[in-house]
Amino acid sequence: MLRPTSPVQQLAAVDIGSKAVRMVLGNLNCERHLHIQQRWRSFLSLGASVFRAQSISAAQIFTLQQVLQSFQTALPQDTPWSISATSAFREAKNRVEVHQELAKHGFQIRVLTGLEEAKLIHHLFRQQWPELSGTILHADLGGGSLELSLEKDAQLLWQDSLPLGVLRAGKRPNLSSFDALEETFAKVSLNQRQLLVSGGSAREWAERLVSEGIFGAHEPGRSIFEYQFLPLKKAKTSSASIFSRLIEIWKPEQVVISRIGLKEGLLLELAEQLSNEKCRLYLGEEVPVLQVNLPQGVKGN
């Protein structure tokens, strides 16, 4: 494995999601502490095309190339980075052609399986909050899939990835894929159950809960929202029905909403590959997100 060649190594990770393309830049120091420095995002929705027409359009391929070039230009020279893609990219019928086209411009895309996403996110949370105990269901909701990890007293029991996301869901999502979970959940104790949710859809849901007065505003710089169980069905967002059904069958005593997710998990993975050792992510103060604008009419076409 590679090792940092200086006391502080800069590194970056790109997440090509179904709703947007995001990048995070971090500094890895000699104590293996990973500090977030900057975030970027571009609202290029591959899922809007793939989940409707099963392919990524030529206009989106060109725009994705431009976005990646913009991200690369924004990074300090010779910064190690990884580029990973999730459900929309892996389900596109023309993913091989898209992969080859981007490779012509020097962009090597790693296409994650749903279980790989779940493992990355679970590892991030376990490294980030080792003090969390009890029976915890981790749920990361994106535009195209829901990644789930179930653990008890820090021991992983089960993982799965469901083709259920806010871009697929529409106004009335099909929640039948949750039915099979009830048997799995019934095997673990009802005591000290927690639900830890992440992903952009979770944050949007939390912001709506705050704006409607269902949740109180969180403190600046805090990495998680922590609230006791509340009547969460009141929040009318595209993700609310998904989370509400999950809460209904999981029956948690506490809901924890994280502001970190897959891209930070990808960054942590890269840091551990560079150092060949376990690392710890340090969030500190909230890092602003830089918006990368798209040509008009390309976002979801």
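The structure reproduced in this document is the subject of the present report.

What counts and how
- Sequence positions are assigned chain by chain, starting from 1 and proceeding in written order.
- Under the rules for a predicted model, residues below a pLDDT of 70 receive no local features and side-chain atom pairs below 80 are neither given nor counted, while totals for whole chains, interfaces and linings still include all residues.
- Side-chain numbers come from the whole structure's heavy atoms, not from hydrogens or water.
- Each reported salt bridge corresponds to a side-chain nitrogen of Lys or Arg within 4 Å of a carboxyl oxygen of Asp or Glu.
- Strands are runs of DSSP state E lasting at least 2 residues, helices are runs of H or I lasting at least 4, and numbering of each runs from the N terminus.
- Only protein chains enter the accessibility calculation, which uses a 1.4 Å probe; a residue is then buried when its area is under 20% of its type maximum, exposed when over 50%, and partly exposed in between.
- Within 3.5 Å is the distance limit for a polar contact, defined as a pair of N or O atoms, with the added protein rule that one can donate a hydrogen and the other accept it, and that residues adjacent in sequence qualify only through two side-chain atoms.
- Whether two residues touch is decided by their heavy atoms; if any such pair falls within 4.5 Å, the residues are in contact.
- In this scheme, a helix's expected span is set at 1.5 Å multiplied by one less than its residue total.
- By nonpolar core we mean a set of buried residues, namely Ala, Val, Leu, Ile, Met, Phe, Trp, Tyr and Cys, connected to one another through side-chain atoms within 4.5 Å.
- For this analysis, a ring pair means two rings from Phe, Tyr or Trp (six-membered ring only for Trp) whose centres lie within 6.5 Å, classed as stacked if their planes differ by under 30 degrees, edge-to-face if by over 60, and tilted for the remaining angles.
- Only when the NZ atom of a Lys or the CZ atom of an Arg is both within 6 Å of the ring centre and within 35 degrees of the ring normal do we say a charge sits over the ring.
- The directions from the helix axis to the C-beta atoms are what the arc is built from.

### Considering the pattern of salt bridges
Then, number 1: What the rule picks out here adds up to 10 salt bridges.
Then, number 2: The salt bridge partner of glutamate 264 is arginine 39, with a shortest N-O separation of 2.2 Å. Placement of glutamate 264 in helix α10 (residues 262–275) and of arginine 39 in strand β3 (residues 33–42) is noted, with a sequence separation of 225 residues between them.
Then, number 3: Note on glutamate 264: relative accessible area 0%, which makes it buried.
Then, number 4: Of the residues examined, arginine 39 reaches a relative accessible area of 5% and is grouped as buried.
Then, number 5: Among the salt bridges present, the one from glutamate 182 reaches arginine 245, with a minimum N-O distance of 3.2 Å. With a gap of 63 residues between them, glutamate 182 in helix α7 (residues 181–185) and arginine 245 in helix α9 (residues 240–250) connect regions that are remote in the sequence.
Then, number 6: Look at glutamate 182 and you get partly exposed, because its relative accessible area is 40%.
Then, number 7: Here the salt bridges share partners, and the residues they tie into one network are Asp179, Glu182, Arg245 and Glu248.

### Structural notes on the side chain of glutamine 159
Then, number 1: Take glutamine 159: it is sitting in strand β8 (residues 155–162).
Then, number 2: Since its relative accessible area comes to 16%, glutamine 159 is described here as buried.
Then, number 3: Only 3.4 Å separates the side chain of glutamine 159 from the backbone oxygen of alanine 118, close enough to count as a polar contact.
Then, number 4: Polar contacts involving the side chain of glutamine 159 include one to the side chain of serine 149, which spans 2.8 Å.
Then, number 5: Excluding residues within four positions of it along the chain, glutamine 159 makes contact with Leu115, Ala118, Lys119, His122, Leu148 and Ser149.

### Considerations on α10
A turn of α-helix holds 3.6 residues, and therefore any two residues three or four places apart point the same way.
Then, number 1: For α10, spanning 14 residues, the distance from its first C-alpha to its last is 20 Å, which sits close to the expected 20 Å at 1.5 Å a residue.
Then, number 2: With 13 of its 14 residues buried, α10 lies for the most part within the structure.
Then, number 3: One or two steps after α10, the chain reaches asparagine 276, where phi turns positive at roughly 60 degrees.

### Focus on the nonpolar core
Then, number 1: Counting 28 residues, the largest nonpolar core has Leu137, Leu148, Phe178, Leu181 and Leu246 as the members making the most contacts within it.
Then, number 2: Those elements that provide at least two residues to this core are β6 (135–141), β7 (146–152), β8, α7, β9 (193–198), α8 (200–211), α9 and β11 (254–258).
Then, number 3: With 7 residues, the top contributor of residues to this core is α9.
Then, number 4: Excluding its chain neighbours within four sequence positions, the residues that come into contact with leucine 181 are Leu148, Trp158, Leu162, Leu246 and Ile249.
Then, number 5: Formed by 27 residues, the second largest nonpolar core is a distinct cluster that contains Trp129, Val256, Ile260 and Leu281.

### A few points about the packing of aromatic side chains
Then, number 1: Per the stated rule, a full pass over the model turns up 4 aromatic pairs.
Then, number 2: Seen from their ring centres, tryptophan 81 and phenylalanine 107 are 6.2 Å apart, and the 75 degrees between their planes marks the pair as edge-to-face. With tryptophan 81 in strand β4 (residues 81–85) and phenylalanine 107 in the loop between α4 (95–104) and β5 (110–111), this pair connects stretches of sequence that are 26 residues apart.
Then, number 3: Stacked on the ring of tryptophan 250, the Lys or Arg arginine 193 has its end atom at 4.2 Å from the ring centre.
Then, number 4: Looking at arginine 280, its charged tip hangs above the ring of tyrosine 282, at a distance of 6.0 Å from the centre.

### Thoughts on helix α1 (residues 46–53)
Then, number 1: Here α1 has its buried residues at Leu46, Gly47, Ser49 and Val50. The arc that holds every buried residue of α1, seen down its axis, measures 165 degrees, which confines them to one face.
Then, number 2: Immediately downstream of α1, the backbone of glutamine 54 shows phi near 65 degrees, a positive value.

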